[in-house]
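# Summary of the model geometry
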Amino acid sequence: MKTYQGSCHCGAVKFSIDCKPINKGLRCTCSICRRKGTLMSSEALDKDQIRITANPEDIGLYQFDSKKAHHYFCKHCGIYTHHETARYPGKYRVNLGCIDEVDTFALDFDVFDGRNWMPD
Ligand SMILES: [Zn+2]
């Protein structure tokens, strides 16, 4: 296990995660991920693997369709930091671009065909 620190662009929303060393990312073809273009953590993290440090008022929540997924972002700079997944409710992924230590342009990634995946 390794601990990584991440933050949104303006620094209002910070997080730290405990996970396996990050050597791969995940991209997704669904309607929101396609627009964000984000490289996400491939590991779906349990709640106790992620700690968010922020004033709750600074964190925005966006939901759509089934409203199973919780997409969080900084209300000041607009950056998506983390989300609770629709595929694995109770599990989280983070925006790897928020982690300085991770070079998202040097990482391999898997693609999840979220566009053709429907939650139950
Ligand atoms: Zn921010």
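Criteria and cut-off values
- Residues numbered from 1 in each chain as written.
- Predicted model: local features only at pLDDT ≥ 70, side-chain atom pairs only at ≥ 80, totals over all residues.
- Heavy atoms only, no water.
- Donors = N, O, S within 2.8 Å, 3.2 Å for Na, K, Ca; no water.
- Tetrahedral: all angles 85-135°; square planar, octahedral: opposite > 155°, others 65-115°.
- Buried < 20%, exposed > 50% of the residue type's maximum accessible area, 1.4 Å probe, protein only.
- Pairing = 2+ DSSP bridges.
- Helix = DSSP H or I, 4+ residues; strand = E, 2+ residues; numbered from the N terminus.
- Axes fitted to C-alpha atoms, helices over the stretch in contact; angles between N-to-C directions.
- Salt bridge = Lys/Arg side-chain N within 4 Å of Asp/Glu carboxyl O.
- 1 Å grid on protein atoms, 1.4 Å probe; cavity = no way out; pocket = protein on both sides within 12 Å on 5 of 7 lines; lining within 4 Å.
- Points joined across faces, edges and corners; volume = space filled by probe spheres on them.

Turning our attention to the coordination of the zinc ion. Note on the zinc ion: its protein donors are Cys-8 (SG), Cys-10 (SG), Cys-74 (SG) and Cys-77 (SG). The metal-donor distances range over 2.3 to 2.4 Å. Seen from the zinc ion, its 4 donor atoms lie at angles of 106 to 117 degrees, and the figure they make is tetrahedral. In the primary structure, the donors to the zinc ion are separated according to the pattern C-x1-C-x63-C-x2-C. Residue Cys-8 is classed as buried on the basis of its relative accessible area of 3%.

Attention now goes to the sheet that holds strand β5 (residues 45-46). Spatially, 5 strands are ordered β5-β10-β9-β8-β7 in an open sheet, and the strand pairing comes out antiparallel. Two strands bound the open sheet, and with one partner strand each, they are β5 and β7 (59-62).

Picture the strands of a sheet paired through backbone hydrogen bonds; they go either parallel or antiparallel. Here we have 3 strands laid out as an open sheet, ordered β1-β2-β6, and antiparallel in their pairing. Each having just a single partner strand, β1 (2-7) and β6 (50-53) make up the two edges of the open sheet. The sheet shows a mean angle of 15 degrees between the axes of neighbouring strands, direction not considered. Sheet topology places strand β2 (residues 14-19) next to β6; 4 bridges connect them, and they run antiparallel. Considered in β6, the bridge of Ile-17 is made with Ile-50.

A word on the pattern of salt bridges. Where charged atoms of side chains with opposite charge meet at close range, the side chains can pair. For the structure shown, the criterion picks out 4 salt bridges. Measuring nitrogen to oxygen at the nearest pair gives 2.9 Å for the salt bridge that ties Arg-51 to Asp-18. Here Arg-51, found in strand β6, pairs with Asp-18, found in strand β2; they are 33 residues apart in sequence, far enough to count as distant. In this structure Arg-51 comes out as partly exposed when scored by relative accessible area, which is 36%. A salt bridge links Asp-46 to Lys-91; the shortest N-O distance between them is 3.0 Å. One end of the pair, Asp-46, is in strand β5; the other, Lys-91, is in strand β10 (residues 91-94), with 45 residues separating them in the sequence.

Before going further, it helps to examine the layout of surface pockets. The gaps of empty space that remain are located by a probe, the size of a water molecule, rolled over the atoms. Counted as a void, the largest pocket has a volume near 500 Å³. For the largest pocket, the lining is made up of 26 residues, of which Cys-30, Phe-64, Ala-86, Gly-114 and Trp-117 are closest to its centre. Broken down by secondary-structure element, the contributors of at least two residues to the lining of the largest pocket are β3 (24-28) and α1 (31-36). Examining the composition of the lining of the largest pocket, we find that 3 residues originate from one element, α1, more than from any other.

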